[in-house]
Amino acid sequence: MQLKNPILGLCQQSTFMLSAAKVDQCPDDEGFEVAFAGRSNAGKSSALNTLTHASLARTSKTPGRTQLLNFFKLDDERRLVDLPGYGYAKVPIPLKQHWQRHLEAYLGSRESLKGLILMMDIRHPMTDFDLLMLDWAVASGMPMHILLTKADKLTYGAAKNTLLKVQSEIRKGWGDAVTIQLFSAPKRMGLEEAYTVLADWMELADKGSETAE
């Protein structure tokens, strides 16, 4: 039996830190940060809340409500970041432009950013926004892990087929650097795999022995 993943305890004790409209309002650029990105209706807030066992990220029936960079503290060195949701038609154009500008500034300048979790709705994967994020991550050498969310909306066979198809498309276009998995917040599907990625990026992967008494 594998030792318990040390990221679990940190996620369970995570707390809201601050919201930033601009990069200069972000916490000090040190330690380890993992950012969560996705289109407004990709289930980003639900995924974050399921991973942290808390209602940290606000879910809304109106997608696109996350208009700030929201930081959540795991410990003194480690944070999760909920990035603004993109692509929702009812968001005014100036606001979209503001998000774009500050998201690019954040992604391009944060030394503490160790990886990007990209949420894609399994029924509508590889949108224009997703392709932009893939291009950026690979070009900048930023580790990326994709959660194909809402996997419970399809049968397991259909979900698996979509996973293999998207995986193949990504390998052809962006190489092997990007990893991908199935995920469902309501069914708690794919949690272990996601935790393993987070622990690795936050350099907790080799500390499992320290948590076992």
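Keep in mind that this is a model prediction, so the values were computed, not measured.

K.L.:
Before we move on, could you go through the side chain of Ser112 and cite the residues and values that matter?
P.N.:
Structurally, the position occupied by Ser112 is in the loop between α3 (93-109) and β5 (113-121). A distance of 2.7 Å separates polar atoms of two side chains, one belonging to Ser112 and the other to Asp29. A polar side-chain atom of Ser112 sits 3.5 Å from a polar atom in the side chain of Arg79. Ignoring sequence-local partners within four residues, the contact set of Ser112 consists of Asp29, Glu30, Gly31, Phe32, Glu33 and Arg79.

K.L.:
Before we move on, can you summarise the nonpolar core with the specific residues and values?
P.N.:
Counting 34 residues, the largest nonpolar core has Leu83, Tyr106, Leu116, Leu134, Met144, Ile146 and Ile170 as its most contacted members. Of all the secondary-structure elements, those providing two or more residues to this core are β2 (32-38), β3 (69-73), α3, β5, α4 (128-140), β6 (144-149), α5 (156-174) and β7 (179-182). Here this core gets 5 residues from one element, more than from any other, and that element is α5. Those residues in contact with Met144 that lie beyond four places of it in its chain are Leu116, Leu118, Met133, Leu134, Ala137, Ala177, Val178, Thr179 and Trp201.

K.L.:
Tell me about the sheet that holds strand β1 (residues 15-20), and please be specific about residues and values.
P.N.:
Pairing between sheet strands relies on hydrogen bonds along the backbone, with the strands arranged either parallel or antiparallel. Sheet architecture is open: 7 strands sit in the order β1-β3-β4-β2-β5-β6-β7, paired in mixed fashion. Two strands lie at the open edges of the sheet, namely β1 and β7, each paired on one side alone. Across the sheet, the axes of successive neighbouring strands diverge by a mean angle of 25°, strand direction being ignored. Alignment of β3 against strand β4 (residues 78-82), held across 4 bridges, turns out to be antiparallel. If you follow Asn70 over to β4, its bridge partner there is Asp82. Set on the sheet, α4 makes contact with β2, β5 and β6; between it and β5 the angle comes to about 160°.

Rules used in this analysis
- Residues numbered from 1 in each chain as written.
- Predicted model: local features only at pLDDT ≥ 70, side-chain atom pairs only at ≥ 80, totals over all residues.
- Heavy atoms only, no water.
- Helix = DSSP H or I, 4+ residues; strand = E, 2+ residues; numbered from the N terminus.
- Polar contact = N/O pair within 3.5 Å; in protein donor to acceptor, adjacent residues only side chain to side chain.
- Contact = heavy atoms within 4.5 Å.
- Core = buried A, V, L, I, M, F, W, Y, C linked by side-chain atoms within 4.5 Å.
- Buried < 20%, exposed > 50% of the residue type's maximum accessible area, 1.4 Å probe, protein only.
- Pairing = 2+ DSSP bridges.
- Axes fitted to C-alpha atoms, helices over the stretch in contact; angles between N-to-C directions.

By themselves, these figures tell us nothing about what the structure is for.
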